[in-house]
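Listed below are the residues making up each chain.
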Amino acid sequence: LLVNSNFTLQTFQRTFPSLQSHNLGVLYPPLYTTNMTQPNQEPKTRHSPLVSLNRFERKKNIQLLIHAYAYLQKTYYDNQKTMPPLIIAGGYDTKNVENVEYRGELQRLGEELEVTVDFRLDITDPERATLFQRALCVVYTPDKEHFGIVPLEAMYAGTPVLAVNSG
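Residues numbered from 1 in each chain as written. Predicted model: local features only at pLDDT ≥ 70, side-chain atom pairs only at ≥ 80, totals over all residues. Heavy atoms only, no water.

Trainee: Can you lay out the packing of aromatic side chains for me, pointing to particular residues and giving the numbers?
Mentor: Counting across every chain of the model gives 4 aromatic pairs. Ring centres 5.7 Å apart and planes at 90° place the aromatic pair Phe56 and Tyr92 in the edge-to-face group. Note that Phe56 is positioned in the loop between strand 3 (50-53) and helix 2 (63-76) and Tyr92 in the loop between strand 4 (86-90) and helix 3 (97-112), a separation of 36 residues in sequence. Judged by relative accessible area, Tyr92 falls into the buried class, the value being 16%. Aromatic pair Phe56 and Phe119: ring centres 6.3 Å apart, planes at 50°, arrangement tilted. Separated by 63 residues along the polypeptide, Phe56 in the loop between strand 3 and helix 2 and Phe119 in strand 5 (residues 117-121) bring together distant segments of the chain. Like Phe119, Phe56 is buried. Members of the aromatic cluster, joined through ring pairs, are Phe56, Tyr92 and Phe119. Sitting over the face of the ring of Phe119, Arg103 holds its NZ or CZ atom 4.1 Å from the ring centroid. (Phe/Tyr/Trp six-rings, centres within 6.5 Å; stacked < 30°, edge-to-face > 60°. Helix = DSSP H or I, 4+ residues; strand = E, 2+ residues; numbered from the N terminus. Buried < 20%, exposed > 50% of the residue type's maximum accessible area, 1.4 Å probe, protein only. Lys NZ or Arg CZ within 6 Å of the ring centre and 35° of its normal.)

Trainee: Give me the lowdown on the nonpolar core, citing residues and values where you can.
Mentor: In terms of nonpolar packing, the biggest core is built from 20 residues, with Ile66, Leu86, Ile88, Leu106, Val115 and Val117 touching the most fellow members. For this core, the secondary-structure elements that each account for two or more residues are helix 2, strand 4, helix 3, strand 5 and strand 6 (137-140). A total of 4 residues in this core trace back to one element, the largest contributor, which is helix 2. Residue contacts for Leu86: discarding those within four places in its chain leaves Leu50, Leu65, Tyr69, Val115, Thr116, Val117 and Asp118. Counting 13 residues, the second largest nonpolar core, distinct from the first, contains Ile87, Phe132, Tyr140 and Val150. (Core = buried A, V, L, I, M, F, W, Y, C linked by side-chain atoms within 4.5 Å. Contact = heavy atoms within 4.5 Å.)

Trainee: Explain the pattern of salt bridges to me, and be specific about the residues and the numbers.
Mentor: On inspection of all chains with the given rule, the structure shows 9 salt bridges. Note that Arg55 and Glu57 form a salt bridge whose closest N and O atoms lie 3.0 Å from each other. We classify Glu57 as buried; its relative accessible area is 14%. For Arg128, the salt bridge goes to Glu153, with nearest N and O atoms at 2.3 Å. Residue Arg128 is found in helix 4 (residues 125-134), and its partner Glu153 is found in helix 5 (residues 149-156); the two are separated by 25 residues along the sequence. Among the residues examined, Glu153 registers a relative accessible area of 15% and is labelled buried. (Salt bridge = Lys/Arg side-chain N within 4 Å of Asp/Glu carboxyl O.)

Function cannot be inferred from these measures alone, as they are strictly geometric.
Written out as structure tokens, the structure is:
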């Protein structure tokens, strides 16, 4: 038996206590790098965006990023124009009720907190690669999620990742 991370191993052992005596291995998911973007070595600037790449699902905890961005804006920056832009991108299906509802909730939260968010819905692979390359950092907000591939893809593109310390 194999699992994809130590977090998943702990979850598996709690869920299936009768299998704790089995020797479980951890096999981290590989990256398919053929179509991935290499670092471009261009310096990041104050115009480089903070980027979140996720599906538009509540479990992805994207509202945490909007709250954090609003806090930074109010605490450390004179106004929105001096802040790095905020881009929230990812998989979006208009037939998926949660995608539509959560995207609307995030939009309303941004308006309520006076945060400008550039939502990019259902991006292409080239757009995704460009975002990874240009981002000041990628912010990964899912809580208690099993192994995430987005942080690896961002680091492969030479972009630092700020992630929730969970999972």
